[in-house]
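So you can see what is in the structure, the chains are spelled out below.
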Amino acid sequence: MKFVIKYLWVRFLSLKAIYYKPKKNTYLFLPINGAGLGHLTRSLAIARQLQRLDPFAEIIFLTTSIGVTLVHRAGFACHHVTPAALVKTGSVEWNTLFFATIENILRLHKPATLIFDGTIPYLGLQRVMHNYKNIKYVWVKRGLYKTDVDHRKLDAYVGKFNIVISPGELISAEMAVQSQAGKLNMVEPISLLDKDELLEPEVARRMLRLDIHRPCAYVQLGAGNINGISDIQDRVISLLKRQGVQVVLGQSPIALRAEPNMSADSVVVDYPNSRYFGAFDFAVLAGGYNSVCEAVSLGLPAIFLPNTATGADDQVERVRQASQFGSYEYLLDFDEDAFANAVGRFLSRKAVAVRDQKNGAVTAAELILHA
């Protein structure tokens, strides 16, 4: 019965769609974020490149992320709809809100292209797509799903979009190709910043109040909105300092339960924190898409501690792949001796293999521009 109701609701006619006239070169980015900033950051990376390619483009954001101010700081207008987990209501009720919000944004800005970045298109978006046929729909769909995800359902959703852009994982960076059907497009790994946008090492260290002559590590284990990270974070900081390493703790600007940390030498709550990467000898990071791809693309050696409690994202496989590219290691189960040994190896070597590759955000922006 629920399936029938949802099916009919998605196909229910919206009279506003009949008279909809989109404005050329107007783009609506719709990143769906819950606990982290992955979808939002990818969308911002692509939007920046799209603006560079077309300075006259009008770019608007609508997101469920609580990081709305980060979009405003990047120079884009941003609307917000409260995520379903916080509304605490039924699926149809929340999607009714979601649909109405999107429809209001369409009425206000009249975008010709809608770029969705999320795991699956929600019912509210499906209803928009069913009604507003004269909008081009793009799905930015990360490819590395866990094995228990229903790929047949994902394939069915793909057919609803004009094009699908799949941000490559590191192992597939050379696979920036278009499928024979012309719908699925693999692009290089996406990064918000390029290497030439990083602060100079000495400048970054002075800004962070660090001794420029002592080793320094950056620690960022996620926002902590999926599972608690305080205990493992404190142990990591303690072990690093025991080995004479200065520690900069990166805290997420959208952490819901951010707690003051008095043990790190410095705390940075900036966005993106990657602008400071030049200050560090190595990092200790979680296994999210942006953390891993940015570390490798920007040449920051890292020890990865993947989060296995994510819904669909396979962080374990991602860090395993990353370990093939130079000075990158991972620990599936945190062990103090194994961690201390890994730190010792990082302190004894300085070289790191930097991947010289095109930023996938550029390729994605080019695809969207010519969709």
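Structure shown above.
In this report, we go over the structure that sits alongside the text. (Residues numbered from 1 in each chain as written. Predicted model: local features only at pLDDT ≥ 70, side-chain atom pairs only at ≥ 80, totals over all residues. Heavy atoms only, no water.)

Some words on the overall build of the protein
From N to C terminus, the protein includes 14 helices and 13 strands. Out of the 371 residues in the protein, the part that is buried amounts to 54%. Summarising the internal contacts of the protein: among those between residues at least 6 apart in sequence, 69% fall at separations of at least 24. Entry remark: accessible area of the protein is about 17000 Å², with carbon and sulfur atoms responsible for 54%. (Helix = DSSP H or I, 4+ residues; strand = E, 2+ residues; numbered from the N terminus. Buried < 20%, exposed > 50% of the residue type's maximum accessible area, 1.4 Å probe, protein only. Contact = heavy atoms within 4.5 Å. Areas by Shrake-Rupley, 256 points an atom, 1.4 Å probe, with all protein chains shown as cover.)

Let's talk about the side chain of T113
Turning to its location among the elements, T113 is positioned in strand β4 (residues 111–117). A relative accessible area of 6% means that T113 is categorised as buried. Once you skip the residues sitting within four places of it in the chain, T113 turns out to touch T26, Y27, L28, I135, K136, V138 and I368.

Let's talk about the environment of H79
If you trace the backbone, H79 turns up in strand β3 (residues 77–80). For the pair H79 and L62, spaced 17 residues apart in the sequence, the C-alpha separation amounts to 4.6 Å. With sequence-adjacent residues up to four places away left out, H79 is seen in contact with I60, F61, L62, T63, I105, L108 and H109.

Brief notes about the packing of aromatic side chains
In this description, an aromatic ring pair is defined by two values, namely the gap between the centres and the angle between the planes. Here the structure, examined in full by the defined rule, presents 14 aromatic pairs. Arranged with centres 5.4 Å apart and planes meeting at 45°, the rings of F282 and F346 form a pair that is tilted. With F282 in strand β11 (residues 282–285) and F346 in helix α13 (residues 336–348), the pair connects residues that are 64 residues apart, well separated along the chain. Taking the relative accessible area as the measure of exposure, F282 reaches 0% and is therefore buried. (Phe/Tyr/Trp six-rings, centres within 6.5 Å; stacked < 30°, edge-to-face > 60°.)

A word on the sheet that holds β11
With parallel pairing, six strands are arranged side by side in an open sheet as β10-β9-β8-β11-β12-β13. Two strands in the sheet have a free side with no partner beyond their single neighbour: β10 (266–268) and β13 (328–330). Between one strand axis and the next, the sheet turns through 20° on average, direction left out of account. With three bridges connecting them, β11 and strand β12 (residues 302–304) associate as parallel partners. (Pairing = 2+ DSSP bridges. Axes fitted to C-alpha atoms, helices over the stretch in contact; angles between N-to-C directions.)

Considerations on the nonpolar core
The biggest cluster of nonpolar side chains holds 61 residues, and the ones touching the most others in it are F29, I46, I59, F61, F280 and F304. If you tally residues by element for this core, the top one is helix α3 (residues 38–53), at six residues. With residues up to four places along the chain from it excluded, the contact list for F61 reads L28, F29, P31, L40, S43, L44, A47, V71, F76, A77, C78 and H79. Ranked by size, the runner-up nonpolar core spans 31 residues in total, among them L62, F98, V128 and Y132. (Core = buried A, V, L, I, M, F, W, Y, C linked by side-chain atoms within 4.5 Å.)

A look at the environment of I66
With respect to the element layout, I66 can be found in the loop between β2 (58–63) and α4 (68–73). We classify I66 as partly exposed; its relative accessible area is 39%. Along the backbone, I66 and P253 are 187 residues apart, and their C-alpha atoms lie at a distance of 9.3 Å.

With respect to the pairing of β11
Residues F282 and V284 point to one face of β11 and A283 and L285 to the other, with burial holding for every one of them. Relative to β11, strand β8 (residues 216–220) runs parallel, the two sharing four bridges. Directly across from Q220, in β11, lies its bridge partner L285. Regarding the hand of the β-α-β motif, the stretch spanning β11, helix α11 (residues 289–297) and β12 is right-handed. (Right-handed = clockwise from strand over helix to strand, strands pointing away.)

So far we have only geometry, and geometry alone does not tell us how the molecule works.
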